[in-house]
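# Inside the fold
Now for the letters of each chain:
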Amino acid sequence: MSARLDRAYRDDAIAHLEDTEIDVLVVGGGIVGAGAALDAAARGLNVTLVEARDWAAGTSSRSSKLIHGGLRYLEQLDFALVREALKERGLLLNKIAPHLVHPVSFLFPLQHRVWERAYIGAGVALYDTLGGARAVPMHKHLTRSGALELAPALKDDALTGAIRYYDAQVDDARYVMTLARTAAKHGATVLTRTRVTGLLREGQRVIGATVMDLETGREYNVRARSVISATGVWTDEMNRMTGVDFPFHVRMSKGVHIMVPRERLNMDTGIIMRTEKSVLFVIPWEQHWIIGTTDTDWAFDKDHPAASAADVRYILDHVNTLLKEPLTEDDIVGTYAGLRPLLSGASSDTSKLSREHAVAEPVPGLFVIAGGKYTTYRVMAADVVNAAVEGLGSGVADSVTEHLPLLGAAGYQEMLADIPGVAKDAGLPVQTVEHLLGRYGAVAKDLFELIARDPALRHPIPGAEDYIGAEAVYSATHEGALHLDDILTRRTRISIEVADRGLRAAAAIAELVAPHLGWDAERTGAEVNRYNDRVHAELAANEARDDESANAARLVAAR
């Protein structure tokens, strides 16, 4: 099966949506939906995945970009959740996606002598052993001088010592897109810009959904033996389509992150610190630091959560308690806000609501999954597919995704071990090959072929020099990007990694992809203008004092 999600693939898939009844229709192209599509397709089922916007356009592209067990959940004595997550972290690092998931170290500054080191140290020691065989290095206790040697940016009096431990990180949006492509490789039909507008019913039973192609406005009736809703913070909208009350609801909690240049903080490790509400991370990210997150209720637009000036101030105030040279708004090159889909609970504090997931069949034929953590998406996907296939007969295989590497994993380690040789064969600088391997794994060979056919694609993108032209083209020819925003925001991270939020790069990228997406000059200009409007709306939201004002400012360019 092809994993090339180009225009021809999409046109053909749309044309055949109504041909036959499929086994499973998955609604939602975030991490869980894409995971469910792969899980079902790998069992040999006929699967279609529909996503209203782009892969990971919601929560799944706006996380802290960590694959972790949830160290703070140990304090809540949620050992089972931590153990499960750490097992998944090991699978992702070593087998499923070693090209996309990488170890990252954190420093836990200690502010109290004796008792805090013993207390935190015991928790981190448990964290190192709960998930089975170690996938990352063990933690290490450090003196104050040892900690400051690793992180000279910290104030001398901000800590009495520290503990260094390891977790893992991922480009969350790229992971979801790769997951969808892997599902396509295993036979699933995967489509973005396709919104479910209603459920098909036979009596009380759900037998499919009406799906609108948002690129054309045409609707299709997709018949399915089972329908899976993996719609995250939009779960309650699916609830309303059924006309019945669900056994659970989803509450939204907003998490905001800021990006600052790597050279702004002299550190060789990430930082984790406590706040009065949760924890705050300083996470190394290529040439930047990601700093966040917040944890507050959000009651406004779900498609476009906005970071306000109050959110940014909260992050700066907390991180600056540790830093010799305080960060200011002028240091920030990007911000992003995401919504956590939390299962409803009795507590009014969103940080205490359950990150665990739930599966329900509110009406026959419709299976809904909600809650959970990014790290445990594979378990969530297997659970909901298990429920959805119960009525399909005894011939359906068990989940095999524990043993299934994602696209780009096979052959990655061999290429990584011989980067100079790979660079020589590709005729590219070693630095470029390292960059491409870290984003594409072994399918970086596809980009080498693009460059061989058009050597101009080896050049950096003007205004976003960390990326080359081939990456923009590949987004359109293989990765399912349909709009400029898909490329600047999710196939790459240009929208949050450069100070102008990608305004200069937008025109260059639009010119590169226009021939591959069938854009004429008018459409190309419209895409650039739409992206510019989005950037200015988000910057205006960042200046707003509160959530209501930020939401209003962002919706000026609602896309």
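Residues numbered from 1 in each chain as written. Predicted model: local features only at pLDDT ≥ 70, side-chain atom pairs only at ≥ 80, totals over all residues. Heavy atoms only, no water.

### Some words on the overall build of the protein
- Within the protein one finds 19 helices and 20 strands.
- In terms of C-alpha radius of gyration, the protein reaches 23 Å, essentially the compact-globule figure of 24 Å for 559 residues.
- The principal-axis extents of the C-alpha atoms in the protein amount to approximately 70 × 55 × 50 Å.
- A buried classification covers 61% of the 559 residues belonging to the protein.
- Once local pairs closer than 6 in sequence are excluded, the contacts in the protein between residues at least 24 apart make up 72%.
- Of the roughly 21,700 Å² of accessible surface on the protein, 51% is carried by carbon and sulfur atoms. (Helix = DSSP H or I, 4+ residues; strand = E, 2+ residues; numbered from the N terminus. Rg over C-alpha atoms; globule rule 2.2 N^0.38 Å. Buried < 20%, exposed > 50% of the residue type's maximum accessible area, 1.4 Å probe, protein only. Contact = heavy atoms within 4.5 Å. Areas by Shrake-Rupley, 256 points an atom, 1.4 Å probe, with all protein chains shown as cover.)

### Overview of the layout of surface pockets
- A volume near 880 Å³ is recorded for the second largest pocket.
- Along its surface, the second largest pocket is lined by 31 residues, and Glu286, Glu434, His435, Gly438 and Arg439 are the ones closest to its centre.
- Residue assignment for the lining of the second largest pocket shows that the elements contributing at least two residues are β4 (101-110), β6 (161-170), β13 (279-285), α10 (412-417), α12 (430-440) and β20 (464-468).
- By residue number, the principal contributor to the lining of the second largest pocket is α12, which donates seven residues. (1 Å grid on protein atoms, 1.4 Å probe; cavity = no way out; pocket = protein on both sides within 12 Å on 5 of 7 lines; lining within 4 Å. Points joined across faces, edges and corners; volume = space filled by probe spheres on them.)

### Remarks on the pattern of salt bridges
- One pass over the structure, following the stated rule, counts 34 salt bridges.
- With a closest N to O distance of 2.3 Å, aspartate 172 and arginine 493 form a salt bridge. Taken together, the residues aspartate 172 in helix α6 (residues 172-185) and arginine 493 in the loop between α15 (484-491) and α16 (494-497) connect sequence positions 321 residues apart.
- Taking relative accessible area as the criterion, arginine 493 reaches 3% and is therefore assigned buried. (Salt bridge = Lys/Arg side-chain N within 4 Å of Asp/Glu carboxyl O.)

### Quick notes on the environment of glutamate 51
- Within the secondary structure, glutamate 51 is located in the loop between β2 (47-50) and β3 (66-67).
- A relative accessible area of 11% means that glutamate 51 is categorised as buried.
- Spatially, the C-alpha atoms of glutamate 51 and glycine 35 are 13 Å apart, while their sequence positions differ by 16 residues.
- Those residues in contact with glutamate 51 that lie beyond four places of it in its chain are Gly28, Gly29, Gly30, Leu191, Thr192, Arg193 and Thr194.

### Some points on the side chain of serine 226
- Within the secondary structure layout, serine 226 lies in strand β10 (residues 219-229).
- Judged by relative accessible area, serine 226 falls into the buried class, the value being 1%.
- There is a polar contact of 2.7 Å between the side chain of serine 226 and the backbone oxygen of alanine 388.
- The contact partners of serine 226, leaving out residues within four places of it in the chain, are Asp23, Val24, Leu25, Gly365, Phe367, Ala388 and Leu392. (Polar contact = N/O pair within 3.5 Å; in protein donor to acceptor, adjacent residues only side chain to side chain.)

### Comments concerning the packing of aromatic side chains
- Across all of its chains, the model carries seven aromatic pairs by this definition.
- Ring geometry for tyrosine 175 and tyrosine 374: centres 6.3 Å apart, planes at 65°, overall edge-to-face. Remark: tyrosine 374 occurs in the loop between β18 (366-371) and α9 (377-388) and tyrosine 175 occurs in helix α6; sequence separation between them is 199 residues.
- A residue is classified by how much of its surface remains accessible, and tyrosine 374, at 14% relative accessible area, is buried.
- Aromatic pair tyrosine 440 and tyrosine 474: ring centres 5.6 Å apart, planes at 85°, arrangement edge-to-face. Of the two residues, tyrosine 440 sits in helix α12 while tyrosine 474 sits in helix α14 (residues 469-477), which places them 34 residues apart along the sequence.
- For tyrosine 440, a relative accessible area of 2% corresponds to the buried category.
- Take tyrosine 474: its relative accessible area is 0%, and that puts it in the buried class. (Phe/Tyr/Trp six-rings, centres within 6.5 Å; stacked < 30°, edge-to-face > 60°.)

### Structural notes on the domain arrangement of the protein
- Partitioning the protein into structural domains gives domain 1 (7-60 + 174-247 + 346-403), domain 2 (101-170 + 251-342) and domain 3 (454-558).
- Distance from the C-alpha centre of domain 2 to the C-alpha centre of domain 3: 28 Å.
- Counting each side, the surface lost to burial between domain 2 and domain 3 is near 1,600 Å², with a carbon and sulfur contribution of 56%.
- On the domain 2 side of the contact with domain 3, Phe300, His304 and Val333 bury the most area, a combined 30% of that side's loss.
- Remark: the boundary between domain 2 and domain 3 carries one salt bridge.
- Linking aspartate 547 and lysine 254 is a salt bridge whose minimum nitrogen-to-oxygen distance equals 2.7 Å.
- Counting across the domain 2 and domain 3 interface gives 10 residue pairs in polar contact (both at pLDDT 80 or more).
- Mapped onto the side of domain 2 that touches domain 3, the elements with two or more residues apiece are β11 (250-261), α8 (309-320) and β16 (334-343).
- In terms of residue class, the side of domain 2 that touches domain 3 is made up of 11 nonpolar, six polar and four charged. (Domains from an automatic or database assignment. Buried area = accessible area lost by both parts, 1.4 Å probe. Nonpolar A, V, L, I, M, F, W, Y, C, P; charged D, E, K, R; others polar.)

### Digging into the nonpolar core
- Val47, Val101, Tyr175 and Val190 are the most contacted members of the largest nonpolar core, which totals 56 residues.
- Setting aside its immediate chain neighbours within four residues, tyrosine 175 contacts Ile31, Leu92, Ile96, Ala97, Leu100, Val101, Val170, Tyr374, Tyr377 and Leu406.
- Residues Leu150, Leu265, Met267 and Ile291 belong to the second largest nonpolar core, which totals 33 residues. (Core = buried A, V, L, I, M, F, W, Y, C linked by side-chain atoms within 4.5 Å.)

### Some remarks on α15
- Taken across its eight residues, α15 has eight buried, putting it largely inside the fold.
- Within α15, the full set of buried residues consists of Leu484, Asp485, Asp486, Ile487, Leu488, Thr489, Arg490 and Arg491.
- Contacts made by the buried residues of α15 are with α6, α12, α14, α16, α17 (503-517) and α18 (521-543).

### Let's talk about α12
- For α12, the complete set of buried residues consists of Thr432, Val433, Leu436, Leu437, Arg439 and Tyr440.
- Once α12 ends, the next one or two residues include glycine 441, with phi positive near 65°.

### Some remarks on the packing of α15 against α18
- Two elements in contact, α15 and α18, have axes separated by 8 Å at closest approach and are oriented at 45°. The orientation of α15 relative to α18 falls into the category oblique. On the side of α15, the interface is formed by Leu484, Asp485, Leu488 and Thr489, while α18 contributes Glu527, Val528, Tyr531 and Arg534.
- Partitioning the contact of α15 with α18 into residue classes produces four nonpolar, one polar and three charged. (Axes fitted to C-alpha atoms, helices over the stretch in contact; angles between N-to-C directions. Parallel < 35°, antiparallel > 145°, perpendicular 65-115°, else oblique.)

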